[in-house]
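Here is what each chain is made of, one letter per residue.
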Amino acid sequence: MKKAFIFDLDGVIVDTAKYHFLAWQNLASSLGISFSSAQNEQLKGVSRIRSLEKILEWGNKTISEEEFTRLMSEKNEEYLEYISKMDATEILPDVPRVLDLLISKEQAIALGSASKNARVILDKVGLRDKFQTIVDGTNVSKAKPDPEVFLIGAQELDISPEDCIVFEDSVAGIQAANIANMISIGIGDAKVLHEADYIFKDFTEIKEEFINTLVKTQKV
Ligand code: B16
Ligand code: MG
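Read on for a plain summary of the structure. Not measured: the values here are computed from a predicted model. (Residues numbered from 1 in each chain as written. Chains lettered and ligands numbered in written order. Predicted model: local features only at pLDDT ≥ 70, side-chain atom pairs only at ≥ 80, totals over all residues. Heavy atoms only, no water.)

**Topic: the coordination of the magnesium ion (ligand 2)**
For a metal bound by four donors in a tetrahedral arrangement, the ideal donor-metal-donor angle is 109.5 degrees, while six donors in an octahedral arrangement ideally sit at 90 or 180 degrees.
Now for step 1: Protein ligation of the magnesium ion (ligand 2) involves Asp-8 (OD), Asp-10 (O) and Asp-169 (OD), the donor distances falling in the range 2.0 to 2.2 Å.
Now for step 2: Of note, the magnesium ion (ligand 2) draws all its donor residues from one chain, in the sequence arrangement D-x1-D-x158-D. One end of the pair, Asp-10, is in the loop between strand E1 (4-7) and helix H1 (17-30); the other, Asp-169, is in the loop between strand E4 (164-168) and helix H8 (171-179), and 159 residues separate them in sequence.
Now for step 3: With relative accessibility at 13%, the residue Asp-169 sits in the buried group. (Donors = N, O, S within 2.8 Å, 3.2 Å for Na, K, Ca; no water. Helix = DSSP H or I, 4+ residues; strand = E, 2+ residues; numbered from the N terminus. Buried < 20%, exposed > 50% of the residue type's maximum accessible area, 1.4 Å probe, protein only.)

Okay, here's the thing in structure tokens:
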């Protein structure tokens, strides 16, 4: 059977949250707003615009539209500087093994990320050619938990949602997969991702037998 395996990027394939954190923290401190790593957790899977809105809310700050646009682009420039230094050593454990396993089983593979920098990151870590289709922040109009990003991926691969499996590290992403009627697999903390159909700490826990089961299973 042919299934579509849809991967989120940040927190699933690479840990770019640490670079988002550094860049948001600099921006927040330039505005006199304190920004903790716990707050950064809440920005996982959240779009760039919404992330800045949340930081301003936390700091009780209102700024003009022009300044908002300027700050977003400054943040992204700093983030891109960190990204430019990335290489394959930053791929999270066993991600290449699982991707190659899926390719050997002739399964379809898509990326479903909120990031507008997804293609650059995949190029930097050398994984872009593993994906048949890439759906990212440049292709979607609605943020997770809206299922748009995953539904576009399924449509582009011509595979129905019940035959799609989503790997996600964010609560909003798990909710998006569930709303899309896809099998949701949480990568990370079981307490945080309890809405997922299956949860693993990371890809080292995902064995070939489990992949074989997924290939035979449909979301009910
Ligand atoms: P960018 P994902 C998300 O990626 C990140 O988790 C989130 O922290 C970030 O704000 C968002 O992408 C937008 O990223 O500024 O690069 O467009 O987890 O959906 O792969
Ligand atoms: Mg993520």
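**Structural notes on the nonpolar core**
Now for step 1: Grouped together as the largest cluster of nonpolar side chains are 38 residues, with contacts concentrated most on Phe-7, Ile-13, Phe-131, Phe-167, Ile-185 and Phe-203.
Now for step 2: Sorting elements by how many residues they give to this core places helix H5 (residues 95-104) first, with 5 residues.
Now for step 3: Those residues in contact with Ile-13, other than ones at most four positions away along the chain, are Phe-7, Asp-8, Glu-90, Ile-91, Leu-92, Val-95, Leu-111, Leu-127 and Phe-131.
Now for step 4: Among the nonpolar cores identified, the runner-up in size contains 17 residues, and Phe-150, Ile-152, Leu-157 and Ala-177 belong to it. (Core = buried A, V, L, I, M, F, W, Y, C linked by side-chain atoms within 4.5 Å. Contact = heavy atoms within 4.5 Å.)

Bear in mind that shape data such as this cannot, by itself, settle questions of function.
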